[in-house]
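# Chain and residue survey
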Amino acid sequence: MTGADTPKPAIVCPVTGADEWVLVKSYHARPEGETDFGFDPYRRDLYVSQSTGHVVNHHAMDLNDLYSGDYWDRTYGGGRMAQVFDRIMGLPADKSDNRGRVDYIASHWARRGAAGTLLDVGSGLAVFPAAMQAAGWQSTALDPDPRSARHAEEKAGVEGLVADFMKDELDRQFDLVTFNKVLEHVPDPVAMLERAKAVLRPDGAVYVELPDGEGALEAAGPDREEFFIEHYCAFSAVSYAMLARRAGFRLDCLERLVEPSGKYTLRGFLSLERPA
């Protein structure tokens, strides 16, 4: 760790609250591999909580338009979305993060019964809902960009739903609501997770997958994708549990792993708190 004597900003994290933060690293340029979003000057600080291991990006750069149409064009334009979809779907099982995700969910859900209805929030390429549909689920891919929803239907073969999860009301409920590496991309992950209650059946579950900032820092250091600018934060096992509790969910299980792609990941299942 560095920066023990650096003045600490007043960071109030929606997950951990007011905390004691230690500076990990100051960035004055994009680390290798990070997408160029055109920020100039580029300046951000990475802090870690002494008490929970939770990691936050602290900066004055405006991320509100990060996932605008320009981002979509730069990332997926020119037919790249279909190409990336095909590449990921064609990976061998032992090289596929997505296959491990689907298998993990299947092993957990086997105790509950048959596959049901799935809402994947922020589905992007729709690789995951496509694989879940192949495993017997009735999958819906929710994304605010109509091009992603169209891709979900035409290429992935699942229902595509154009919606802003934080603003739009959905007219149905699902057995399983999933957030795959989504909550770290929003300024208030607690509020977004809490929204899942409205679309979750009473006996349903929520699957949450998040970057393991604690594991990545310990094993590989701060110049990792877990800490790129598009992530407001990265989690620890403790802050994952705090996120669930603050959003009004019970944490049923939690697993830490390094995925085939090399990503440090936390994943688990949540269910609704039952009245005492």
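Residues numbered from 1 in each chain as written. Predicted model: local features only at pLDDT ≥ 70, side-chain atom pairs only at ≥ 80, totals over all residues. Heavy atoms only, no water.

So, about the environment of Y47. Structurally, Y47 can be placed in strand β4 (residues 44-49). Judged by its relative accessible area of 3%, Y47 is buried. Remark: the alpha-carbon pair of Y47 and S26, spanning 21 residues in sequence, is separated by 9.1 Å. (Helix = DSSP H or I, 4+ residues; strand = E, 2+ residues; numbered from the N terminus. Buried < 20%, exposed > 50% of the residue type's maximum accessible area, 1.4 Å probe, protein only.)

Let us now look at the packing of helix α2 (residues 80-89) against helix α4 (residues 127-134). The interhelical angle for the contact between α2 and α4, taken along N-to-C directions, is 45 degrees, at an axis separation of 10 Å. Relative to α4, α2 is oriented oblique. Along this stretch, α2 crosses α4, giving a crossing that reads as right-handed. Judged by residue contacts, F85, I88 and M89 of α2 engage V127, A130 and A131 from α4. Tallied by class, residues from the contact of α2 with α4 come to 6 nonpolar, no polar and no charged. (Axes fitted to C-alpha atoms, helices over the stretch in contact; angles between N-to-C directions. Parallel < 35°, antiparallel > 145°, perpendicular 65-115°, else oblique. Left-handed = near helix turned anticlockwise from the far one by under 90°. Contact = heavy atoms within 4.5 Å. Nonpolar A, V, L, I, M, F, W, Y, C, P; charged D, E, K, R; others polar.)

Evaluated as defined, the whole model comprises 20 salt bridges. Measuring nitrogen to oxygen at the nearest pair gives 2.7 Å for the salt bridge that ties E159 to R172. Of this pair, E159 sits in strand β8 (residues 159-162) while R172 sits in the loop between β8 and β9 (174-180); the two residues are 13 residues apart in sequence, bridging distant segments of the chain. Notably, a salt bridge pairs E226 with R224, separated by 2.8 Å at the nearest N-O pair. One exposure class covers both E226 and R224, and it is buried. Beyond isolated ion pairs, a larger network of salt bridges with shared partners links R101, K181, E209 and E259. (Salt bridge = Lys/Arg side-chain N within 4 Å of Asp/Glu carboxyl O.)

Burial analysis of strand β6 (residues 117-121) places 5 of its 5 residues in the buried class, the great majority of the element. Burial along β6 is two-sided: T117, L119 and V121 facing one way and L118 and D120 facing the other are all buried. Sheet analysis places β6 next to strand β7 (residues 138-143), joined by 5 bridges and oriented parallel. Considered in β7, the bridge of L119 is made with T140. (Pairing = 2+ DSSP bridges.)

Attention shifts here to the layout of surface pockets. There is about 260 Å³ of room inside the second largest pocket. Residue lining of the second largest pocket: 16 residues in total, with P14, V56, N57, P187 and Y232 positioned closest to the centre. Looking at the lining of the second largest pocket, the elements that each hand over two or more residues are β1 (12-13) and β5 (55-59). Of all the elements, β5 adds the most residues to the lining of the second largest pocket, at 4 residues. Residue composition of the lining of the second largest pocket, by class: 12 nonpolar, 4 polar and no charged. (1 Å grid on protein atoms, 1.4 Å probe; cavity = no way out; pocket = protein on both sides within 12 Å on 5 of 7 lines; lining within 4 Å. Points joined across faces, edges and corners; volume = space filled by probe spheres on them.)

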